[in-house]
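Examining the three-dimensional arrangement
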Amino acid sequence: MDLEVTLVTNMSKTLFTFIILVVLAGLGGAYYWFFVRMPNLTVQTDTSLTTNNTFSPFSSGGGMVNGGTGNSNNGGQSQNGGTSTDNQIDPSSSQVPSLRHLSTTPIGGMAASTTASSTIVRWIDRGVGHIFQAYSDNLAITELSNTTIPRVYESYWSGKANALIFSTVPDDSDTITTFYAEIKASASASNTTPYELKGSTVPSNTTAVALSPKGDSVFTLTNENAAGVGYTSLLNGQKRTQIFTSPLTQFNIDWPEINTLALTTKGTSFGTGFLYFVNPKNGVFNKILGNIRGLSTLTSHDAKKVLYSSSANNTITTAIFDVKTHTSQSLAFNTLPDKCVWGTINKDILFCAVPSEIPAGAYPEAWYNGTVSFSDKIWQVNAATGDVHIVADLLGISRTIIDAENLKLDPKENYIYFMNKRDLTLWSFSLNG
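Residues numbered from 1 in each chain as written. Predicted model: local features only at pLDDT ≥ 70, side-chain atom pairs only at ≥ 80, totals over all residues. Heavy atoms only, no water.

So, on to the nonpolar core. As a rule of thumb, soluble globular proteins bury nonpolar side chains together. Among the nonpolar cores identified, the biggest contains 16 residues, and Leu394, Leu407, Ile416 and Phe418 are the most heavily contacted of them. Elements represented by at least two residues in this core include exactly strand 24 (349-355), strand 27 (404-409), strand 28 (415-420) and strand 29 (425-430). Those residues within four positions of Ile416 in sequence are excluded, and the remaining contacts are Phe351, Ile378, Leu407, Lys408, Leu409, Trp427, Ser428, Phe429 and Leu431. (Core = buried A, V, L, I, M, F, W, Y, C linked by side-chain atoms within 4.5 Å. Buried < 20%, exposed > 50% of the residue type's maximum accessible area, 1.4 Å probe, protein only. Helix = DSSP H or I, 4+ residues; strand = E, 2+ residues; numbered from the N terminus. Contact = heavy atoms within 4.5 Å.)

Quick look at the structure:
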């Protein structure tokens, strides 16, 4: 009898422990999904977004990351690229790795610029909107602005990375709000960070944004009376000019070349897509590709070539389309254009994050909604010569599964910056070894 009681007691304890572990795991998963992964993550602040046409700092919490210690006061997580936050040796004395984990918390976008001797990357924290900066020649991470802007999930930066347009979802709303902001010197002498964000709202019916090649102008697509209306303006909204009206309201938009806007209808595996080039001066449309199932595109910076993918048989096919000859050339690999970036110095050079394996799925939406995830290598393609080679095995170098997206090159094309779609953190890779 005693043995039976003991067994029942032990089983009860085991079951109780198991239930507690399951509950904790569920809470942890829910926290990650609702507060980090989803665009409408919630970050508690003392105030909320203003409702007029300007905005000001919502909170000044959070301290400066001194010498790359990474103590950003952002949920207690490091912003120093994975190094220790306590008693750290001056990071400028440490060797910078070729593959670098810059931000260990989710970001809402980034931009790179250069100095005479170094490359600078800036990014905005996805959860609280603080701006961070890193140089390529040392491990220091600096918090430039601690203006708190909750739930920033997308941003577009000026050519000098000193201004940006970003989208956010206020705590008390499911409506996307878009802002233009400049990184300005802080007016408060007691502020622990040197800069703050100041700016104004973008029209609330904006559905898509694209910056000009120089990053000094912006194209916005708005939904007005069930029609898509396209405008160009300066980043701050001045000199706004309407260039077209379209019955279509949903496009993926890029501005690869000064006289060319690239508008791609949002592709799905069950519908056909189209790519149009639009002249930003007069709004004239020119169909480039059409009737392609699951179409996704990326146009070169001279608008002479288009990387595009299509879907069939639960997989992806990738090719380069020559705009002049109207011919397509399949690539030695398959990936989505969303995982690629064209060069601006040599406009025939293309870098892509290429999955080691592509699981069967309905593309591109299976990847967009996270049903499938990839582990990537970085490949380089010369679209003029056809030369293709692997630049980096991301898993082999980092021992981390990286599903790269939002690839960007610095102006001198010495570095590739990208986000890991699995956790939305920021990475860089040196193309010079």
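Of all the 7 residues making up strand 24, 7 are buried; the element is thus mostly covered by neighbouring parts of the structure. A two-sided burial pattern is seen for strand 24, the buried positions comprising Ile349, Phe351, Ala353 and Pro355 on one face and Leu350, Cys352 and Val354 on the other. Connecting strand 23 (residues 340-342) to the antiparallel partner strand 24 that follows it, the hairpin turn spans 6 residues. Where strand 24 lies against strand 25 (residues 376-382), 7 bridges are found, and the strand directions are antiparallel. By the bridge assignment for strand 25, Cys352 is matched with Trp379. (Pairing = 2+ DSSP bridges.)

Applying the stated criterion across every chain yields a total of 1 disulfide. One disulfide in the model links Cys340 with Cys352; its S-S distance is 2.1 Å. Handedness of the Cys340-Cys352 disulfide follows from its S-S torsion of about 110°: it is right-handed. Of this pair, Cys340 sits in strand 23 while Cys352 sits in strand 24, and the two are 12 residues apart along the sequence. For the pair shown, Cys340 and Cys352 are each scored as buried. (Disulfide = S-S within 2.5 Å.)

On to the sheet that holds strand 18 (residues 285-293). If you trace the 4 strands from one edge of the open sheet to the other, you get 15-16-17-18, paired in antiparallel fashion. For this open sheet the edge positions go to strand 15 (251-257) and strand 18, each flanked by a neighbour on one side alone. With strand direction ignored, the average angle separating the axes of adjacent strands in the sheet is 20°. (Axes fitted to C-alpha atoms, helices over the stretch in contact; angles between N-to-C directions.)

Bringing the confidence of the model for the protein into the picture now. On average, the protein scores 81 in pLDDT, and the residues at 70 or more come to 77%. Below pLDDT 50 for its whole length, residues 1-91 participates in 151 contacts with residues either more than four positions away or in separate chains. (pLDDT = per-residue confidence, 0-100.)

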